[in-house]
Amino acid sequence: MTVTVLVADDHATIRAGLRMLLEVSGQVRVIGEAADGAAAVRQARVLHPDVVLMDVRMPRVDGLEATAAVVAQTSAKVLVLTTFAIDEYVLGALSAGASGFLLKSVGGDDLVSAVLAVADGDAVLDPKVTRAVIAALPRVAHAPPPPDLSALTDRERQVLAGLGAGLSNIQIGTRLRIGEATVKTHVSRVLGKLGVQSRVQAAVIASQSGLDLP
């Protein structure tokens, strides 16, 4: 099945380049473009894309505000692309409910893989960004402390640890010797109990809490 994407970036040349990288794969179809966050939110509501590729710094409404609106108002997943490796923009994007965060230097194959993974419900976070996010959390004044994990079952803690390790549903299932559908059920319950919107937010909590896979 072809994944539909809305590309939001204030530079026309970057939008064109992203469209080319995605559509040449034959697995992704770009159904719209937006030059600012407000337009991205409007088009996401109208076009119903599977994934929104969202730039962080855009005029009028930035990518963080737009991400929060898209997550709240549509069923689209948001994959944030930026030239900035780590600062509060990353943390803001995760807090807004983004399902992934990649640097614009990402290669075409990796970009397509990330879009497909996010559309399928997985999270995508550049390994360099992951390490930087965890390192930056103690220095960010608005970063909340990790929530209480006492409501989680032992299996849910194991699944959360898998998210913290950056594993996909299939990889978590293989590691824990359970089916992918069962993993998806556990992930859904973990997100609900933790009160977060995305796997990436859960992964940060897992890292903060020091959870390890068995």
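Residues numbered from 1 in each chain as written. Predicted model: local features only at pLDDT ≥ 70, side-chain atom pairs only at ≥ 80, totals over all residues. Heavy atoms only, no water.

Enquirer: Describe the pattern of salt bridges, listing the residues and the values that go with them.
Expert: Counting across every chain of the model gives 7 salt bridges. The closest approach of N and O atoms between Glu33 and Arg15, which form a salt bridge, is 3.0 Å. Linking Glu33 in strand β2 (residues 28-34) with Arg15 in helix α1 (residues 12-23), this pair joins segments that are 18 residues apart in sequence. Salt bridges here are not isolated pairs; linked through shared partners, they connect Arg15, Arg19, Glu23 and Glu33. (Salt bridge = Lys/Arg side-chain N within 4 Å of Asp/Glu carboxyl O. Helix = DSSP H or I, 4+ residues; strand = E, 2+ residues; numbered from the N terminus.)

Enquirer: Describe the environment of Leu160, listing the residues and the values that go with them.
Expert: With respect to the helices, strands and loops of the structure, Leu160 is situated in helix α7 (residues 154-164). Remark: the alpha-carbon pair of Leu160 and Ile205, spanning 45 residues in sequence, is separated by 8.5 Å. Look past the residues within four positions of Leu160 in its chain and what remains in contact with it is Leu149, Leu152, Val190, Leu194, Ala202, Ala206 and Leu211. (Contact = heavy atoms within 4.5 Å.)

Enquirer: Could you give an account of the packing of helix α8 (residues 169-176) against helix α9 (residues 180-194), with specific residues and numbers?
Expert: Viewed as axis vectors pointing N to C, α8 and α9 meet at an angle of 105°, and their least axial separation amounts to 8 Å. By the angle class used here, α8 and α9 are roughly perpendicular. In this structure, α8 uses Asn169, Ile170, Ile172 and Gly173 to contact α9, whose residues at the interface are Glu180, Val183, Lys184 and Val187. Classifying every residue of the contact of α8 with α9 by side-chain character gives 4 nonpolar, 2 polar and 2 charged. (Axes fitted to C-alpha atoms, helices over the stretch in contact; angles between N-to-C directions. Parallel < 35°, antiparallel > 145°, perpendicular 65-115°, else oblique. Nonpolar A, V, L, I, M, F, W, Y, C, P; charged D, E, K, R; others polar.)

Enquirer: I'd like a rundown of the pairing of strand β4 (residues 77-82), residues and numbers included.
Expert: With 5 of its 6 residues buried, β4 lies for the most part within the structure. Here strand β3 (residues 51-55) runs beside β4; their pairing, made up of 5 bridges, is parallel. What sits directly across from Met54, in β4, is Val80. Running through helix α3 (residues 63-73), the crossover from β3 to the neighbouring parallel element β4 is right-handed. The pairing of β4 with strand β5 (residues 100-103) spans 4 bridges and is classified as parallel. Bridge pairing links Leu81 to Leu102 in β5. (Buried < 20%, exposed > 50% of the residue type's maximum accessible area, 1.4 Å probe, protein only. Pairing = 2+ DSSP bridges. Right-handed = clockwise from strand over helix to strand, strands pointing away.)

Enquirer: Provide a residue-level description of the nonpolar core, including the pertinent values.
Expert: One finds Ala8, Val52, Met54, Val70, Val78, Val80 and Ala93 to be the most contacted residues of the largest nonpolar core, which totals 23 residues. Every element with two or more residues in this core is listed here: β1 (3-8), α2 (37-47), β3, α3 and β4. For this core, the element with the most residues is α2, which contributes 5 residues. Not counting residues up to four positions away in its chain, the partners in contact with Val70 are Ala40, Val41, Ala44, Val52, Met54, Ala76 and Val78. (Core = buried A, V, L, I, M, F, W, Y, C linked by side-chain atoms within 4.5 Å.)

Enquirer: Please set out the packing of α1 against helix α5 (residues 108-119) residue by residue, giving values where relevant.
Expert: At a minimum axis separation of 9 Å, α1 and α5 run at an interaxial angle of 75°. Considered as vectors, α1 and α5 are oriented roughly perpendicular to each other. Where α1 approaches α5, its residues Leu18, Leu21 and Leu22 are matched on the opposing element by Gly108, Leu111, Val112 and Val115. Its residues assigned to classes, the contact of α1 with α5 shows 6 nonpolar, 1 polar and no charged.

Enquirer: How would you explain α7 if you had to name every residue and give the values?
Expert: Residue pairs three or four apart in sequence face the same way in an α-helix, which turns once every 3.6 residues. Looking at α7, one finds that the buried residues are Glu156, Val159, Leu160, Ala161, Gly162 and Leu163. Tucked into the core, α7 has its buried residues touching α8, α9 and α10 (199-209). Positive phi shows up at Gly166, right after α7, with a value of about 80°.

That's the geometry; what it means functionally is another story.
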